[in-house]
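Each chain, written out:
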Amino acid sequence: MTRRIISLLIIIAAAMTASAQNPWFQDLKVSGYGMVQYQASDKEGAHQNAFNLRLVRLSLEGRAHDNFYYKVQMQVNGNTYDPDKSSTDIRLVDLFGEWQKYEFLRVKVGQFKRPFTFENPMHPITQGFMSYSQNVTKLAGFNDRTGQHASNGRDIGVQLQGDLLRVGGRHLLHYQVGVFNGEGINQKDRNNQKDIIGGLWVMPIEGLRIGAFGWTGSSQIGNDNVQKNRYALSAEYAKDDWTFRTEYIHSQGFGADPSKGDKADGLYALCIAPVIEKKLHVKARYDVYRDQKTWGSSKTFYEIGADYLFTRNLQLNVEYARVNERAAHQSYNLVDMELDIRF
């Protein structure tokens with residue numbers, strides 16, 4: 001399986017490179033990144049102390065005749081020695097094209113990030129912490145509450161988006177809406193019903209955006225048709241190397257375990273502050289997820305950390321988290337270190 005995928009990527013890269021002189025294939029770019037992780041925790045009954053390849057990605061992207069952008073991206077992560085997990089260790093995460101002639105209307109078709117929350121579309125390195133927040137992970141299609149297979153926040157479908165009301169160097173309004181299978185990555189629709197996901201945000205001043213998102217649809221999980229009705233409220237201020245971001249997500253619809261009820265929610269709030277601009281940052285995040293929308297079911301991370309950029313392509317991240325799991329009546333410590341390499 002691994003050899004087939006690598007061979008396929010080499011063939012695609014060779015074919016696209018050969019086409020690079022064709023006016024229909026411009027600005028061809030081959031890039032990628034890797035994230036090497038060390039993590040330790042003293043959680044009772046589940047002590048952890050291990051190095052890990054969090055993920056490696058290779059992407060091909062470019063433009064076709066000015067107005068058309070395309071991207072293909074593969075991911076490899078963790079435990080590839082285990083043949084029972086080969087289907088999840090190596091995966092196609094992106095394959096899409098987008099018509100971008102007009103700022104007010106762009107059309108994207110293929111497999112790509114769901115247009116839900118500010119954080120979901122962010123790069124795993126630049127989102128700032130050792131992982132995406134719990135509410136995004138559980139309620140935006142990473143390791144979803146529904147029990148759907150891991151999909152990195154992505155699905156297959158078509159999306160319209162655009163920017164409106166330009167003032168100076170920024171737009172005041174952004175919209176995005178898409179129709180998706182609802183089954184996650186690399187899956188055809190299993191129930192012939194579609195997910196509708198959309199978002200709208202305003203940018204009243206430079207660096208600030210305030211948004212709202214909605215999601216309705218269903219997934220076929222086993223023999224069950226699992227409903228998803230969700231909304232998110234988001235705010236972010238990012239300017240002069242400072243970042244403040246917070247998002248609340250609410251979900252209605254039974255998950256993988258129906259006994260946990262049909263409601264869940266989560267909230268995170270974070271700050272990333274420069275000590276040396278574009279070089280050294282300190283950061284903190286409050287991250288809580290309630291799997292049954294009750295405090296008794298909550299899991300909370302209190303995180304502090306720092307990152308250092310040796311170069312724009314090499315970054316070291318260190319974090320400490322105090323984790324409280326109310327349902328298990330325990331708290332524990334977690335340390336995470338990551339070396340991120342872009343190429």
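Predicted model, so just to flag it, every value in this text is computed and none were measured. (Residues numbered from 1 in each chain as written. Predicted model: local features only at pLDDT ≥ 70, side-chain atom pairs only at ≥ 80, totals over all residues. Heavy atoms only, no water.)

Draft legend 1. Representation of the overall build of the chain within the structure. Along its length, the chain carries three helices and 16 strands. Summarising the internal contacts of the chain: among those between residues at least 6 apart in sequence, 53% fall at separations of at least 24. With an accessible surface of roughly 16,900 Å², the chain has 60% of that area assigned to carbon and sulfur atoms. (Helix = DSSP H or I, 4+ residues; strand = E, 2+ residues; numbered from the N terminus. Contact = heavy atoms within 4.5 Å. Areas by Shrake-Rupley, 256 points an atom, 1.4 Å probe, with all protein chains shown as cover.)

Draft legend 2. Expanded view of the nonpolar core. By size, the foremost hydrophobic cluster in this structure holds 25 residues, and its most contacted members are Phe116, Val136, Phe213 and Ile249. Of all the elements in the fold, those that place two or more residues in this core are helix H3 (134-139), strand S8 (195-202), strand S9 (208-221) and strand S12 (263-276). With four residues, the top contributor of residues to this core is S12. The residues contacting Ile249, other than those within four sequence positions of it, are Phe116, Thr117, Asn135, Val136, Leu139, Tyr231, Ala232, Ala264, Asp265 and Gly266. In terms of nonpolar packing, the next biggest core, distinct from the first, is built from six residues, Met130, Ala321, Val323 and Leu334 among them. (Core = buried A, V, L, I, M, F, W, Y, C linked by side-chain atoms within 4.5 Å. Buried < 20%, exposed > 50% of the residue type's maximum accessible area, 1.4 Å probe, protein only.)

Draft legend 3. Just the pairing of strand S11 (residues 242-252), in detail. One ladder, built from 11 bridges, connects strand S10 (residues 224-239) with S11; its direction is antiparallel. Counted as the bridge partner of Ser234 is Glu247 from S11. Hairpin remark: S10 followed by S11, antiparallel, with two residues in the connecting loop; positive phi at Asp240, about 55 degrees. Direction of pairing for S11 relative to S12: antiparallel, over a ladder of 10 bridges. The residue of S12 that forms the bridge with Phe244 is Cys271. (Pairing = 2+ DSSP bridges.)

Draft legend 4. Seen up close, the packing of aromatic side chains. Enumeration over the complete set of coordinates arrives at 16 aromatic pairs. Ring centres of Tyr102 and Phe104 lie 5.2 Å apart, and the angle between their planes is 25 degrees; on these two criteria the pair is classed as stacked. Arranged with centres 5.7 Å apart and planes meeting at 50 degrees, the rings of Tyr286 and Tyr302 form a pair that is tilted. Taken as a pair, Tyr286 in strand S13 (residues 280-290) and Tyr302 in strand S14 (residues 298-311) lie far apart in primary sequence, 16 residues in all. (Phe/Tyr/Trp six-rings, centres within 6.5 Å; stacked < 30°, edge-to-face > 60°.)

Draft legend 5. Just a nonpolar patch on the surface, in detail. A surface patch of nonpolar side chains, about 720 Å² in accessible area, is lined by Val36, Leu53, Val56, Val76, Tyr308, Phe310, Leu339, Ile341 and Phe343. For the nonpolar patch, the elements supplying multiple residues, two or more each, are strand S2 (48-64), S14 and strand S16 (330-342). Among the structural elements, Tyr308 can be located in strand S14. When its relative accessible area of 30% is taken as the criterion, Tyr308 is described as partly exposed. (Patch = residues over 30% accessible without salt bridge, like charges linked within 9 Å, V, L, I, M, F, W, Y side chains within 5 Å. Salt bridge = Lys/Arg side-chain N within 4 Å of Asp/Glu carboxyl O.)

Draft legend 6. Broad picture of the pattern of salt bridges. Under the counting rule described, the total for this entry stands at 19 salt bridges. A salt bridge links Arg145 to Asp291; the shortest N-O distance between them is 3.3 Å. Placement of Arg145 in the loop between H3 and strand S6 (154-167) and of Asp291 in the loop between S13 and S14 is noted, with a sequence separation of 146 residues between them. Taking relative accessible area as the criterion, Arg145 reaches 8% and is therefore assigned buried. Several salt bridges converge on common partners, so that one network encompasses Glu119, Arg209, Glu236 and Arg245.

Draft legend 7. Fine view of the pairing of S2. One ladder, built from nine bridges, connects S2 with strand S3 (residues 68-76); its direction is antiparallel. Within the sheet, the bridge partner assigned to Arg57 lies in S3 and is Gln75.

Draft legend 8. Seen up close, the confidence of the model for the chain. Residues at a pLDDT of 70 or more form 89% of the chain, whose mean pLDDT is 90. Between residues 82-88, whose pLDDT stays under 50, and residues either more than four places distant or in other chains, the model counts three contacts. (pLDDT = per-residue confidence, 0-100.)

Draft legend 9. Spatial organisation of unusual backbone geometry. The residue Asn192 is not glycine, and still its phi comes out positive at about 60 degrees. Tracing the chain through its elements places Asn192 in the loop between strand S7 (170-180) and S8. We note that Lys278 has phi near 65 degrees; this positive angle belongs to a residue other than glycine. Mapped onto the secondary structure, Lys278 falls in the loop between S12 and S13.

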